[in-house]
Amino acid sequence: MIDDPVLLNDWHAVMPLTQLEAENNVAGARVLGEDIVIWKAGDSVRAWKDLCVHRGTRLSLGTLLADDTLQCPYHGWTYDAVGQCVRIPAHPEQQPPTKARAFTYQACVAYDMVWVCLGEPANGIAPFEEWDDDSYRKILCGAYEFQAAGPRMVENFLDVAHFPFVHENILGTQERPEIPDYEVITDEHGVTASNIRVFQPNPDGSHIPNWVTYTYKAHRPLVAYFRKEAEEKFAILLMVTPIEELKSLMWMWMVMTQGDSSDETLRAFQDEIAMQDLPIVQSQRPELLPLDLQAELHLRSDKTAIAYRRWLNELGLSFGAS
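Described in the following lines is the structure provided in the data block. (Residues numbered from 1 in each chain as written. Predicted model: local features only at pLDDT ≥ 70, side-chain atom pairs only at ≥ 80, totals over all residues. Heavy atoms only, no water.)

**Topic: the side chain of Thr215**
So, step 1. Considering the arrangement of structural elements, one finds Thr215 in strand E14 (residues 210-220).
So, step 2. Not counting residues within four places of it along the chain, the set of residues in contact with Thr215 comprises Thr192, Ala193, Ser194, Tyr225, Phe226, Arg227 and Glu229. (Helix = DSSP H or I, 4+ residues; strand = E, 2+ residues; numbered from the N terminus. Contact = heavy atoms within 4.5 Å.)

Below, the structure is given as structure tokens:
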């Protein structure tokens, strides 16, 4: 396991709850270089090291039994909801020793996603204020797999100056690439950038080019958010799952108050945006996000990225950064 207290003690979105349920409530995942098994005991989600203590078999290949226990596929060792082995089929008369116990982590469900913390949570789940508002449509996009460091992916999400080039004629246009000055603050809630204005070719479906104003937030090192400041409300919560230092998954909850397009059409739009970003982010060197501000050149339009890097440096992040 990696040695980064910032991320070890943070919550990470691992998979949609629907994915777990589709896999008969037992599924494997990998977070921060650690293989874990996710499973449901009743209404509660559990996350353990994906390892049977008997012969090291993956518990994610096991079976959820009717009494809310998890059975190893190799020799049938069976674990209860708190991780204690309660049955050893080869020795039915024997009480399993207390050290026959799975290595457990903390898990919960928020925004219909399974979240896991491999240490002791230093913060709650990142906020998503639109989630409980029934006026919003909610569309989950991803997972998008990047061979890239998580902080590089988050910084790309926070960066609007690339819109006219990477997402030309969709989110921006090279004819109007300028980014007016905006405000950035860093506090106990993370980084917030307000009044970010971008000239877009078709911001509201009318095909009339116009300025669009955004608010961006980095709630946690690998969880970010933006809100479109318009009559038609639109927001995205970005969640990056750190698989390895240079391998990550990206999930996005899109929420909006209006729009006639189908979920499939909107998800295809976000797929296109993500696939345009992917080769750019994967090409960046150094691969780890430099937290030393002298390592790269910065301009006024990079204020959000500068604040994000300073904040990560203050937190002491080392995984995915240099």
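**A closer look at the side chain of Gln200**
So, step 1. As for its position among the elements, Gln200 is in strand E13 (residues 190-200).
So, step 2. Of the polar contacts made by the side chain of Gln200, one reaches the backbone oxygen of Leu171; its length is 3.1 Å.
So, step 3. Here Tyr214 takes part through its side chain, which lies 2.9 Å from a polar atom of the side chain of Gln200.
So, step 4. If near-sequence neighbours (up to four positions away) are discounted, Gln200 is found in contact with Phe163, Leu171, Pro209, Asn210, Val212 and Tyr214. (Polar contact = N/O pair within 3.5 Å; in protein donor to acceptor, adjacent residues only side chain to side chain.)

**Observations regarding the environment of Phe319**
So, step 1. If you trace the backbone, Phe319 turns up in the segment after helix H6 (303-315).
So, step 2. For Phe319, a relative accessible area of 6% translates into the label buried.
So, step 3. Residues Phe319 and Arg101 lie 218 residues apart in sequence; the distance between their C-alpha atoms is 29 Å.
So, step 4. Phe319 has contacts with Ile2, Asp4, Leu7, Leu32, Pro151, Pro242, Glu244 and Glu245, leaving out every residue within four places of it along the chain. (Buried < 20%, exposed > 50% of the residue type's maximum accessible area, 1.4 Å probe, protein only.)

**Side note on the pattern of salt bridges**
So, step 1. Counted under the stated rule, the structure contains 17 salt bridges.
So, step 2. Put simply, Arg58 and Asp35 hold a salt bridge, and the shortest N to O gap is 3.2 Å. Placement of the pair is Arg58 in the loop between strand E4 (44-49) and strand E5 (63-64) and Asp35 in strand E3 (residues 34-41), with a sequence separation of 23 residues.
So, step 3. In this structure Arg58 comes out as partly exposed when scored by relative accessible area, which is 38%.
So, step 4. Overall, Asp35 belongs to the partly exposed group, its relative accessible area being 22%.
So, step 5. For the salt bridge of Asp263 with Arg137, the shortest nitrogen-to-oxygen distance reads 2.6 Å. Placement of Asp263 in helix H5 (residues 263-283) and of Arg137 in strand E11 (residues 137-146) is noted, with a sequence separation of 126 residues between them.
So, step 6. For Asp263, a relative accessible area of 30% gives the class partly exposed.
So, step 7. Each of Arg30, Asp35, Asp50, Arg58 and Glu244 takes part in salt bridges that share partners, so that together they form one network. (Salt bridge = Lys/Arg side-chain N within 4 Å of Asp/Glu carboxyl O.)

**Side note on the packing of aromatic side chains**
So, step 1. The tally for this structure, following the rule as stated, stands at 17 aromatic pairs.
So, step 2. Look at Tyr214 and Tyr216: their rings are 5.9 Å apart centre to centre, the planes differ by 55°, and that puts the pair in the tilted class.
So, step 3. On the numbers, 5.3 Å between centres and 85° between planes, the contact of Tyr214 with Phe226 is edge-to-face. Here Tyr214, found in strand E14, pairs with Phe226, found in strand E15 (residues 223-228); they are twelve residues apart in sequence, far enough to count as distant. Comparing Tyr214 with Phe226, the two get one shared label, buried. (Phe/Tyr/Trp six-rings, centres within 6.5 Å; stacked < 30°, edge-to-face > 60°.)

**Structural notes on the environment of Val154**
So, step 1. Tracing the sequence through the fold places Val154 in helix H3 (residues 150-158).
So, step 2. The class of Val154 is buried, set by a relative accessible area of 0%.
So, step 3. Measuring from C-alpha to C-alpha, the distance between Val154 and Val82 comes to 34 Å, with 72 residues separating the pair along the chain.
So, step 4. For Val154, the contacting residues outside a window of four places in its chain are Pro221, Leu222, Ala224, Leu238, Val240 and Tyr308.

**Focus on unusual backbone geometry**
So, step 1. The omega torsion of the bond from Gly142 to Ala143 falls at 5°, within 30 degrees of zero and hence cis.
So, step 2. Cis peptide bonds are those with omega within 30 degrees of zero, and the linkage from Arg285 to Pro286 qualifies with 0°.
So, step 3. By the element assignment, Pro286 lies in the loop between H5 and H6.
So, step 4. At Asp68, a residue that is not glycine, the phi angle is positive and equals roughly 60°.
So, step 5. Judged by relative accessible area, Asp68 falls into the partly exposed class, the value being 33%.

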